[in-house]
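Below are the chains, spelled out letter by letter.
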Amino acid sequence: MSDQQPRLWWQNGIVYQIYPRSFQDSNADGIGDLPGIESRLDHLVSLGVDAIWISPFYPSPMADFGYDVADYTGVDPIFGTLADFDRLISSAHRRGLKLILDFVPNHTSNQHPWFLESRSSRTNPKRDWYLWHDAKPDGSVPNNWMSNFGGPGWTWDDTTQQFYYHSFLKEQPDLNWHNPEVRAAIYAAMGFWLDKGVDGFRMDVLWLLIKDPEFRDNLPNPEWHPGAASFWSVLPTYTADQPETHAIVAEMRAVLDKYDQRVLIGEIYLPLPELVRYYGVQENGQLDGAQMPFNFRLIQTDWNADPIAALIHEYEGVLPGGAWPNWVLGNHDQSRLASRIGADQARAAAMLLLTLRGTPTIYYGEEIGMTNGRISPDQVQDPAEKNQPGIGMGRDPERTPMLWDATPNAGFTTATPWLPINPDHPATNVASESADPRSMLALYRRLIELRRAHPAIHEGEIHDIRSKRGVLSYTRTHPNSPDRFQVLLNLAHDVQTVNCDEGHIVLTTIMDGAGSPVGGPITIEAGEGLLIALD
Ligand code: NOJ
């Protein structure tokens, strides 16, 4: 847990995710865009974050809202132009904000010129850039590989009389990462953006890149039952986390390492022992994989002190030497935090995220306590919901527009927004919360300010991770700083009294009592968190 080396920006810093369709519309089409993001950068500066990660804005037919890329080196007209991007990155850099792109290497759009060529004939030079396979003798799909968005992962191509594989929609054919030309083409596209000065990439579904070259059947999942998402009827034995993936991650990392201080973040949903292998292996004194394999376990763990204390212990225990931790509470694929665990617990969660050891990632809107939007059946946009309605696959609720003020469209657009504005926006919005010293936004700003100010919190060690009567506690210290902090978080649903060390309160999630001396028994409300400076 101690590893004192000089820290880089992505270690000391905080990442903020922007879903560009939903952040700020600048041209009255009801959809957010790059100039819109630029016009809101000052919010991010006043929040105190260090880097923005923007979900895809490349040219796309938008079958999966941008995760179906038709050109890796452009900007979709819905979001603006390359000139808008250039302005955005220089405005961000001028303000001291780093800019991280979302990159989608596993699949392209079926409208990408590469796929159009690949599907044009069996002898096309790009045929092998995708995963093509003959039907079985009876004409059925080649194997039991499924699509994450429902149904088989194989779609028949009439022209060339073969199936192609897609981990997601049929409009998102998977690239063949065994092919060196594919790898070179993706690395060249990464170079295009790195040359423009982007500070890193969040790589989409990094653990899915490589599939079994023998196309063997996945094993059946004994826990699956009819009615549950069809993807999980089989285990991803041959379609996920294949050993060859690590060499590719190292190649991607080498592309970034040609530039100064760029970061490779991986979207990876795996148990911790497998996840941390994506840090790579030691090569010339440093790990050669992703610097931040996203750690989503706080999203997937029961919101109770015992399992969360166990999770922190486990994560700290499995991190390889030299690996820097990170924590994520939400993203554009996950139900909003305040809807998952409730408004009070969302305050405790903010204190947890921003006082743990490791880089925090904040999803847009969490800083004002946004909840899931209400999407009526006729308002559904997400293909995941359209393909398998009513079983909780839809991601529209967590993608509703950012709430800037109390005006009818919340300051997001002057047109009809692409998803409805959350009904609680008159109270939950940046403008109102900026005027309220006890708001969620005030809490986030103060937590970030404290995190930035104290090396013990942004780069120090974590000790004494405990759970008692529903209260999670830990201390943060730094070998070169006298500051020592204790964090106490009541993750239970009733008030609790626990013992705390001698010190004084720096911040509570209710935003009262700062400066009060403490020591001995202390009463903590449900969902309350305390940050204590120890004597
Ligand atoms: C993961 C992304 O986070 C998700 O939004 C997307 O639908 C899939 N990858 C497919 O690209």
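Residues numbered from 1 in each chain as written. Predicted model: local features only at pLDDT ≥ 70, side-chain atom pairs only at ≥ 80, totals over all residues. Heavy atoms only, no water.

Looking at an unreviewed UniProt entry, the protein carries the name Alpha-glucosidase, with the source organism given as Granulicella aggregans. Under the heading Sequence similarities (unreviewed entry), UniProt records this for the protein: "Belongs to the glycosyl hydrolase 13 family." (UniProt positions renumbered as here; feature names shortened; annotations may be inferred.)

**Some points on the overall build of the protein**
Across its full length, the protein holds 16 helices and 19 strands. Relative to its length of 535 residues, the protein is compact, with a C-alpha radius of gyration of 23 Å against a globular reference of 24 Å. Summarising its shape, the C-alpha atoms of the protein cover approximately 75 × 50 × 50 Å along the three principal directions. Looking at the protein residue by residue over its 535 residues, the buried ones come to 61%. When contacts within the protein are restricted to residue pairs at least 6 apart in sequence, long-range pairs at least 24 apart make up 69% of them. Carbon and sulfur atoms form 52% of the exposed surface of the protein, whose accessible area is close to 19600 Å². Looking at charge distribution, the protein has the averaged site of its 41 positive side-chain charges lying 2 Å from that of its 68 negative ones. (Helix = DSSP H or I, 4+ residues; strand = E, 2+ residues; numbered from the N terminus. Rg over C-alpha atoms; globule rule 2.2 N^0.38 Å. Buried < 20%, exposed > 50% of the residue type's maximum accessible area, 1.4 Å probe, protein only. Contact = heavy atoms within 4.5 Å. Areas by Shrake-Rupley, 256 points an atom, 1.4 Å probe, with all protein chains shown as cover. Lys, Arg positive; Asp, Glu negative; His and termini not counted. Charge placed at Lys NZ, Arg CZ, Asp CG, Glu CD.)

**What to know about the environment of Ser26**
Within the secondary structure layout, Ser26 lies in the loop between strand S1 (15-18) and helix H2 (34-39). Judged by its relative accessible area of 43%, Ser26 is partly exposed. Those residues within four positions of Ser26 in sequence are excluded, and the remaining contacts are Asp33, Pro35 and Gly36.

**Topic: the site of the ligand**
Asp64, His107, His332, Asp333 and Arg395 are the nearest of the 14 residues found near the ligand. Side-chain polar atom of Asp64 to an oxygen atom of the ligand: 2.6 Å apart, as the coordinates give it. A distance of 2.9 Å is found between an oxygen atom of the ligand and a side-chain nitrogen or oxygen belonging to His107. Summarising the interface, the protein chains cover 98% of the accessible area of the ligand, which totals 290 Å² for the free molecule. Grouping the constituent residues of the shell around the ligand by class yields four nonpolar, three polar and seven charged. (Near = heavy atom within 4 Å. Polar contact = N/O pair within 3.5 Å; in protein donor to acceptor, adjacent residues only side chain to side chain. Nonpolar A, V, L, I, M, F, W, Y, C, P; charged D, E, K, R; others polar.)

**A few points about the packing of aromatic side chains**
Following the criterion strictly, the structure yields 35 aromatic pairs and no others. Taking the centre distance of 5.5 Å and the plane angle of 25° together, the rings of Trp145 and Phe215 count as stacked. Of this pair, Trp145 sits in the loop between strand S4 (132-133) and strand S5 (154-157) while Phe215 is found in the loop between strand S7 (200-203) and helix H7 (245-257), placing the two residues 70 residues apart along the sequence. The same class applies to Trp145 as to Phe215, namely buried. Note on Tyr269 and Phe296: the rings are 4.1 Å apart at their centroids and 15° apart in plane angle, and the pair reads as stacked. One end of the pair, Tyr269, is in the loop between strand S8 (263-266) and helix H8 (272-275); the other, Phe296, is in the loop between strand S11 (292-293) and helix H9 (297-300), and 27 residues separate them in sequence. (Phe/Tyr/Trp six-rings, centres within 6.5 Å; stacked < 30°, edge-to-face > 60°.)

**Quick word on unusual backbone geometry**
Residues apart from glycine generally show negative phi values, whereas peptide bonds are mostly found in trans. In the Ramachandran plot, Val205 falls in the positive-phi region, its phi being about 35° despite a non-glycine side chain. If you trace the backbone, Val205 turns up in the loop between S7 and H7.

**Observations regarding the sheet that holds S1**
The strand order across the open sheet built from eight strands is S11-S8-S7-S3-S2-S1-S13-S12, with neighbouring strands paired in parallel fashion. Only two strands of the sheet have a single neighbouring strand rather than two, namely S11 and strand S12 (326-328). Relative to S8, S7 runs parallel, the two sharing four bridges. Looking at the pairing, Met203 lines up with Gly266 of S8. Lying over the sheet, helix H4 (residues 82-94) contacts strand S2 (51-54) and strand S3 (98-103), oriented at roughly 140° with respect to S3. Contacting S7 and S8, H7 crosses the sheet at an angle of about 150° to S8. (Pairing = 2+ DSSP bridges. Axes fitted to C-alpha atoms, helices over the stretch in contact; angles between N-to-C directions.)

**Let's talk about the pattern of salt bridges**
Inspection of every chain in the model, using the stated rule, returns 24 salt bridges. Residue Arg253 pairs with Asp257 through a salt bridge whose shortest N-O separation is 3.1 Å. Of this pair, Arg253 and Asp257 both sit in helix H7, four residues apart, roughly one helical turn. For Asp257, a relative accessible area of 37% gives the class partly exposed. (Salt bridge = Lys/Arg side-chain N within 4 Å of Asp/Glu carboxyl O.)

**A look at the packing of helix H6 (residues 180-195) against H7**
For the pair H6 and H7, the least separation of the axes is 10 Å and the interaxial angle reads 30°. Classified by the angle between their axes, H6 and H7 sit roughly parallel to one another. The handedness of the crossing between H6 and H7 is right-handed. The residues of H7 that touch H6, namely those facing Arg183, Tyr187, Met190 and Leu194, are Ile248, Glu251, Met252, Val255 and Leu256. Of the residues that constitute the contact of H6 with H7, the class distribution is seven nonpolar, no polar and two charged. (Parallel < 35°, antiparallel > 145°, perpendicular 65-115°, else oblique. Left-handed = near helix turned anticlockwise from the far one by under 90°.)

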